[in-house]
Amino acid sequence: MDFTFSEEQQAAAEAAAGVFADVAPDGVPSPADTTGAVADDFDRALWARLAEADLLSLLLDEAYGGAGLDAIALCLVLRESAKVLARVPLLESSAAAATVQAYGGEELRSALLTRAGRGDLVLTVAAHGRTGHDPAELAVTARRDGDRWVLDGVQTAVPWAHNADLVVVPAHTDAGRTVLALVAPDREGVVLAEQISTTGERLAELRLESVPIARVDVIDADGAWEWLRDLLTAGTCALALGLGTAVLRMTAEYTGKREQFGFPVATFQAVAVQAADRYIDLRAMEATLWQAAWRIASGAQGALPAAGDLAVAKIWAAEGVRRVVQTAQHLHGGFGADTEYPLHRYHAWAKHLELSLGPAAAHEEALGDLLATHPLG
């Protein structure tokens, strides 16, 4: 197994690190400072810098102004973004645009992709279903009505929906197929109800009441939703890895300076063991992420479908990021809860990622089902 990144992938990560170097985590709006949303919009200035660095078009072909890179490159950039809690819809917009490129019609690709790569068009995805625990594709129905589709249903916790130009909505048909509809939030029949994440960011409950969608704005190719869902999952695991990496580094710096009995607390065995356990968590999160991202990027076959690698990555990401921030809070003592110190922001973002990924037990059950269906010889 070779996890060496290509020169192009490394260049994308280095460009991202350069852009995000100007973002101060302690300046990110804190959910501890307000009972409502921390802001009405995402960080548009940072979004513009990402566009200037060509980081919004990583997965797009050269014909649309992109670099033609893969899921691994996107995950490398997302890892850097999470280290500084970057408030941008980088994952959702990039994944949606890549799906349009891979599965959408030529008219749709021509209308959207160049604009999305420049940052002029912002996309997001409704991926959490009606409750956050049910399959997203079953929360909305899609029926044909002449030369258009009509959508009905509800999707919860849609990120950046209040600020996006289009929301990609998975929906199921009477025939049991899944289609992807690109819906403008201000379209007639669309209702957005504000929801607040643990990060303090605005989410939306998206209600669709007989919303007509032109046929050109619907992707009905087989496998489109599954591919988009897998890319979102890998990207969320990358965010968890980046956040955990930053938190462990922050903890190492603090415990290396904080002294008790005349010695840095990092030299105490109990502290060192806890930090070492969290380091192991991060290495496991890293290995399982790149395995899953590689399966998506390469389409390579394995003993199990790619869903098995994604399930393992989700188990480690959801559990690992929670353990890392909990240990960090413990080792920081009361200082970790100080709202003038950025750790509480990382804790809030980690909880959001954990909830987005879902409980590890559910992924373990899914992995067990895959093993039962595909016994390893």
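Each residue is numbered by its place in its chain's sequence as written, counting from 1. Per-residue local features are limited, in this predicted model, to residues with pLDDT of at least 70; the limit for side-chain atom pairs, both in listing and counting, is 80 or more; totals at the level of whole chains, interfaces and linings are taken over all residues. Hydrogens and water molecules were not included; the side-chain quantities draw on all heavy atoms of the structure.

(A) Quick look at the overall build of the protein. Check the secondary structure of the protein and you find 10 helices and 10 strands. Burial status follows relative accessibility: with a 1.4 Å probe on protein chains alone, a residue under 20% of its type maximum counts as buried, one over 50% as exposed, and anything between as partly exposed. Counting the 377 residues in the protein, one finds 53% classified as buried. Within the protein, counting contacts between residues at least 6 apart in sequence, those at least 24 apart form 74% of the total. Per-residue and other accessible areas follow the Shrake-Rupley method at a 1.4 Å probe size, with only the shown protein chains counted as cover for residues. Surface exposure of the protein reaches about 16400 Å², of which carbon and sulfur atoms provide 51%. Positive charges come from Lys and Arg, negative ones from Asp and Glu, while His and the chain ends are left out of the count. By convention, the point assigned to a charge is CZ for Arg, NZ for Lys, CD for Glu and CG for Asp. Taking the average location of the 29 positive side-chain charges in the protein and that of its 51 negative ones, the two points are 2 Å from each other. Helix numbering and strand numbering both begin at the N terminus, where a helix is a DSSP run of H or I of at least 4 residues and a strand a DSSP run of E of at least 2. The contact definition used throughout considers only heavy atoms, calling two residues in contact when any of these lie within 4.5 Å.

(B) Structural view of the packing of helix α8 (residues 306-332) against helix α10 (residues 360-373). For every element, the axis is a line fit to its C-alpha atoms; helices are fit only across the contacting stretch, and the angle between N-to-C directions ranges from 0 to 180 degrees. Two numbers describe how α8 lies on α10: the axes approach to 9 Å, and their chain directions differ by 160°. Between α8 and α10, the angle falls in the class roughly antiparallel. Handedness of the α8/α10 crossing: left-handed. Residue-level contacts link A307, G308, A311, V312, K314, I315 and E319 of α8 to A360, H363, E364, L367 and L370 of α10. With respect to orientation, any angle under 35 degrees is reported as roughly parallel, any angle over 145 as roughly antiparallel, any angle of 65 to 115 as roughly perpendicular, and every other angle as oblique. The sense of a crossing depends on the near helix, which, turned anticlockwise from the far helix by less than a right angle, makes the crossing left-handed and, turned clockwise, makes it right-handed.

(C) Structural view of the side chain of T156. Tracing the sequence through the fold places T156 in strand β3 (residues 148-159). Whenever two N or O atoms come within 3.5 Å, that pair is a polar contact, provided that in protein one can donate a hydrogen and the other can accept it, and provided that, for residues adjacent in sequence, both atoms are side-chain atoms. Among the polar contacts made by the side chain of T156, one reaches the side chain of Q195 at a distance of 3.0 Å. Not counting chain neighbours up to four residues away, the residues in contact with T156 comprise H128, G129, R130, T131, G132, Q195, A204 and E205.

(D) Summary view of the pattern of salt bridges. For salt bridges, the criterion is a side-chain nitrogen of Lys or Arg within 4 Å of an Asp or Glu carboxyl oxygen. Inspection of every chain in the model, using the stated rule, returns 19 salt bridges. For D222, the salt bridge identified is with R177, shortest N-O distance 3.1 Å. Here D222 is found in the loop between β8 (218-219) and α6 (224-257), whereas its partner R177 is found in the loop between β4 (166-172) and β5 (178-183), with 45 residues between them in sequence. Among the ionic pairs, R323 bridges to D281, the shortest N-O distance being 2.9 Å. With a gap of 42 residues between them, R323 in helix α8 and D281 in helix α7 (residues 269-298) connect regions that are remote in the sequence.

(E) Looking closely at the packing of aromatic side chains. Planes of paired rings set the category: under 30 degrees apart is stacked, over 60 is edge-to-face and the rest tilted, where pairs are Phe, Tyr or Trp rings (Trp by its six-membered ring) whose centres lie within 6.5 Å. Following the criterion strictly, the structure yields four aromatic pairs and no others. Relative to W290, the ring of F5 has its centre 5.0 Å away and its plane inclined at 75°; by these criteria the two rings are edge-to-face. Taken as a pair, F5 in the segment before α1 (7-20) and W290 in helix α7 lie far apart in primary sequence, 285 residues in all. Here F42 and W160 contribute two aromatic rings whose centre-to-centre distance is 5.9 Å and whose plane-to-plane angle is 85°, an arrangement assigned as edge-to-face. You can see F42 sitting in the loop between α1 and α2 (44-52) and its partner W160 sitting in the loop between β3 and β4, a full 118 residues away along the chain. Like W160, F42 is buried. An aromatic cluster of three or more residues is present, and its members are F42, W47 and W160. Only lysine NZ and arginine CZ atoms are considered, and such an atom sits over a ring when it is within 6 Å of the ring centre and within 35 degrees of the ring normal. Directly above the ring of Y279 sits R283, whose terminal nitrogen or CZ lies 4.8 Å from the centroid.

(F) Layout of the pairing of β5. With six of six residues buried, β5 is to be regarded as a mostly interior element. Every second residue of β5 is oriented toward a common face, with T178, L180 and L182 on one face and V179, A181 and V183 on the other, all of them buried. The hairpin formed by β4 and β5 contains five residues between the paired strands, and G176 there has a positive phi angle of roughly 85°. Bridge count for β5 against β8 is two bridges, and the pairing is antiparallel. Paired with L180 across the strands is I219, a residue of β8. The pairing criterion for strands is at least two bridges between them, as found by DSSP.

(G) View of the environment of A204. Locating A204 in the fold gives a position in strand β7 (residues 202-214). As a C-alpha pair, A204 and H162 span 42 residues in sequence and 7.0 Å in three-dimensional space. The contacts of A204, once residues within four sequence positions are left out, are Q155, T156, A157, V158, A161, H162, L192, A193 and Q195.

(H) Representation of unusual backbone geometry. Positive phi, close to 60°, is recorded for L85, a residue that is not glycine. Residue placement: L85 occurs in the loop between α3 (71-83) and α4 (90-103). Residues other than glycine seldom take positive phi values, yet A157 does so here, at roughly 50°. Along the chain, A157 turns up in strand β3.

(I) Representation of α6 within the structure. Here a helix's expected span is defined as the number of its residues, less one, multiplied by 1.5 Å. Between its first and last C-alpha atoms α6 spans 50 Å; for 34 residues at 1.5 Å apiece the expected length is 50 Å, and the two agree. Of all 34 residues making up α6, 26 are buried, and the element is well covered by its neighbours.

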